[in-house]
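# Observations on the three-dimensional arrangement
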Amino acid sequence: MTTADLRPLSAPAVAPGHRLKWLLSDVATMTWRNLVALTRIPESLFFATLQPIMFVLLFRFVFGGAISTGVPGVTYVDFLMPGIFVQTVCFGAVSTSIGLADDLQKGLIERFRALPMARSAVLGGRTTADLVRNVFVVAIMTGVGYLVGFRITTNFFLYLVGVVILLLFAYALSWGFACIGLSAPNAETAQVISFPILFPLTFASSAFVPVSSMPGWLQAFATYQPVSVVVDAARSLMLGGAYTSTRHVLGALAWSLGLLVVLVPLAVRQYRRTA
Amino acid sequence: MNEPGAVVARDLVKVFAKGSVRALDGLSFEVEAGTVFGLLGPNGSGKTTAVRILSTILTPDEGSASILGNDVVKRAAVVRRSIGLAGQYATVDENLTGHENLRMVGRLSHLEKKAASTRADELLGQFGLADAANRTLKTYSGGMRRRLDLAAALVGRPPVLFLDEPTTGLDPQSRQDLWVVIEQLVGVGTTVLLTTQYLEEADRLAHQLLVIDHGKAIAEGTPAELKATLGTTVVSVTFADSATAERAVGLLDPLVAGSPILDGNSVDLTVEAGPKVAAEALRTLDQHQVEVAGLALREPSLDDVFLSLTGHRSEGLEFDEPEQGGDHKAAPTPGYIGFDENLAGR
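Quantities reported herein were computed from a predicted structural model and do not represent experimental measurements.

## Points about the overall build of chain B
- Counting its regular elements, chain B contains 13 helices and 15 strands.
- Looking at chain B as a whole, 51% of its 346 residues qualify as buried.
- Intrachain contacts of chain B at a sequence separation of at least 6 include 70% that bridge at least 24 residues.

## So, the sheet that holds strand E9 (residues 208-213) of chain B
Residues and elements named next belong to chain B.
- Reading across from one edge, E6-E7-E8-E3-E9-E10 is the order of the 6 strands in this open sheet, with mixed pairing throughout. Sheet topology places strand E6 (83-86) and strand E10 (216-221) at the edges, where each strand pairs with a single neighbour. If you compare each strand with its neighbour and ignore which way they point, the axes differ by 15 degrees on average.
- On top of the sheet, helix H1 (residues 47-54) reaches strand E3 (36-40), strand E7 (160-164), strand E8 (191-196) and E9; it is set at about 150 degrees to E8, its chief contact.
- Along the sheet, helix H5 (residues 142-154) makes contact with E6 and E7, crossing E6 at roughly 165 degrees.

## Things to note about the interface of chain A and chain B
- Counting from both sides, the interface comprises 33 residues of chain A and, opposite them, 41 residues of chain B.
- Those elements that place two or more of their residues in the side of chain A that touches chain B are helix H1 (19-40) and helix H5 (108-113) of chain A.
- Here the side of chain A that touches chain B takes 8 residues from H1(A), the largest share from any one element.
- Split into classes, the residues belonging to the side of chain A that touches chain B amount to 19 nonpolar, 6 polar and 8 charged.

## Re the sheet that holds strand E5 (residues 70-71) of chain B
Residue and element names in this part refer to chain B.
- The sheet built from 4 strands is open, its strands ordered E2-E1-E4-E5 with antiparallel pairing. Bordering the open sheet on either side are strand E2 (21-31) and E5, each of which pairs with just one other strand.
- Where strand E1 (residues 7-16) meets E2, 8 bridges bridge the pair, whose relative direction is antiparallel. By the bridge assignment for E2, Val13 is matched with Asp25.
- Set on the sheet, H1 makes contact with E1, E2 and strand E4 (62-67); between it and E1 the angle comes to about 115 degrees.

## With respect to H1(B)
- Of all 8 residues that make up H1(B), 8 are buried, and the element is covered over most of its length.
- Positive phi shows up at Thr56(B), right after H1(B), with a value of about 70 degrees.

## Some remarks on helix H4 (residues 94-106) of chain A
All names here are of chain A.
- The end-to-end C-alpha separation of H4 is 18 Å, in line with the 18 Å expected for 13 residues at 1.5 Å each.
- Counting buried residues along H4, 11 of its 13 residues qualify, which places the element largely inside the surrounding structure.
- On its buried face, H4 sits against H1, helix H3 (76-92), H5, helix H6 (121-147), helix H7 (156-183) and helix H8 (187-203).
- Phi turns positive one or two residues past the end of H4, at Gly107, with a value near 85 degrees.

## Examining the nonpolar core
- Counting residues in hydrophobic clusters, the biggest one holds 148 residues, and the most contacted among them are Val86(A), Leu166(A), Phe169(A), Val230(A), Ala234(A), Leu54(B) and Leu193(B).
- A per-element tally of this core places H7(A) first, with 16 residues.
- In this structure Val86(A) touches Leu166(A), Ala207(A), Val227(A), Val230(A), Val231(A) and Ala234(A), once residues within four positions along its chain are discounted.
- One finds Val234(B), Ala248(B), Val292(B) and Ala296(B) within the second-largest nonpolar core, a separate group that totals 18 residues.

## Here's the deal with the environment of Thr49(A)
All names here are of chain A.
- Turning to its location among the elements, Thr49 is positioned in helix H2 (residues 42-63).
- For the pair Thr49 and Gly176, spaced 127 residues apart in sequence, the C-alpha to C-alpha distance is 22 Å.
- When near neighbours in sequence (up to four residues on either side) are disregarded, Thr49 contacts Val137 and Ile140.

## So, the pairing of E6(B)
All names here are of chain B.
- Burial along E6 is two-sided: the residues Ile83 and Leu85 and Gly84 and Ala86 are all buried.
- In this sheet, E7 lies alongside E6 in parallel orientation, the contact comprising 4 bridges. Residue pairing for E7: Ala86 is matched across the bridge by Leu163.

Quick notes on the rules
- Residues numbered from 1 in each chain as written.
- Chains lettered and ligands numbered in written order.
- Predicted model: local features only at pLDDT ≥ 70, side-chain atom pairs only at ≥ 80, totals over all residues.
- Helix = DSSP H or I, 4+ residues; strand = E, 2+ residues; numbered from the N terminus.
- Buried ≥ 20, exposed ≤ 12 C-beta atoms within 10 Å, placed from the backbone.
- Contact = placed C-beta atoms within 7 Å.
- Pairing = 2+ DSSP bridges.
- Axes fitted to C-alpha atoms, helices over the stretch in contact; angles between N-to-C directions.
- Nonpolar A, V, L, I, M, F, W, Y, C, P; charged D, E, K, R; others polar.
- Expected span 1.5 Å × (residues − 1).
- Core = buried A, V, L, I, M, F, W, Y, C linked by C-beta atoms within 7 Å.

Quick look at the structure:
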């Protein structure tokens, strides 16, 4: 049987290597930890994937017949899938708030604070893990889309650019949900707070229906809010044709970067203040 | 002057905004290197707040603190390399295995991959968790989690260890096991700051004790010194009901230097000459026709110290969890001298 040397080090250990190296290492360790946890609760990943699949089936086969894309020659399923991708990754950002609230509640963050690790790695690792998870979920949703008739009508490269843009947006959103997770008393509350924010953003948007079909007062919101811009950017890149819009692609990038610039410092500040 | 302690706290003040609670109200103490220092106090007395400041989790509103000469605020990064923290709530990741948890802490303590993995193996062996190394923590018992939590605190081989109520909620056997490990650690030179509500634990482990209440120090000394301040014997007289006990307080008051302490049905007198005072007490009560249900002489416990210093019992987990404690105040302790119900009817 192995035993450990219990003798304390006489002088505090100083880690060899550059600070940046250890910052990246800390973020990687935290990301790894969150991803391993994900594989240990496969049912949560299963249900996280099941829900968007239900949305696909619901809109494709139940509501879809009654919704006009407004663009001749574009089928509803092609219109729908970029919207589903964006909605799914936005909903995925909720796991950032739930995960952090859970760590806080269980006292794990206390342990992390007393370790010589980089302070930002807790948030960095959490959001990065959720980003990886979203990559996985978008891949699955693309497969599901293909099964129900979705086709990329531009090319695979532009589709990938579209995926990168919507993942970047979801990543930015994650930092916002990190703030919610850090201020919620527990994981359940974090989840309950998150949905009233996500529902109007994802449904009062261009994700499922053309904005032009909405009443005028709602159009004003639905046209300019970030989820619509990102959905329109994704359509531009994945469908092209009448949806081609460089303005929306740039707009989506601007929204994502703008949100990051605001939300990252906000989340870091919240993390420092949360004790 | 001696060299400064391994842990130094100076006039620490911490006010929590919500409800403007002064969690710490000018707390100062010093821990000599290589010893166990016990912070003793009831729930909400400020013990955990003190530990969180010393372990750089919180910053103090006033005052300062240092670990091995490094200020906990200005040199927090250095302090974090020299401390280990094991908490009241085993702070380990439930979804990871024991080995993964320790490896994670190792990596976050900036050990290289291989070193982190080796250290994890060693500690799991040391704490009797080798067989459970590759099981997720969901399958661990409470005692196993605490051991893993302590192991996690030791990954970086810290010279200073903070143990915040390390055995709260554990069964007696697991507590004993943890005590043995803590003694081992101190034996090889670790400085330990221990907070506890268990007086028995403080008595057994701590070289020096600081009793705190409402964020302030109210007494300091070795366990023996604190007990000595109270006299050498506690005469505990029990009555049939609390009304009788209340009546007896007035009658017994002249027999003690301090004042008798009423606790439900019984009255405690802390005195030098136990047997003599006991006899006098019975005589006095007999004269006033107050019926005595029981009488015991015992050495003062730290609970008595606490009671006499704060005016209230160390109310809290010890009495909330009788199924786990096994050290209830009423139980005979090693200092138990004698109990004879027939004395009353003498």
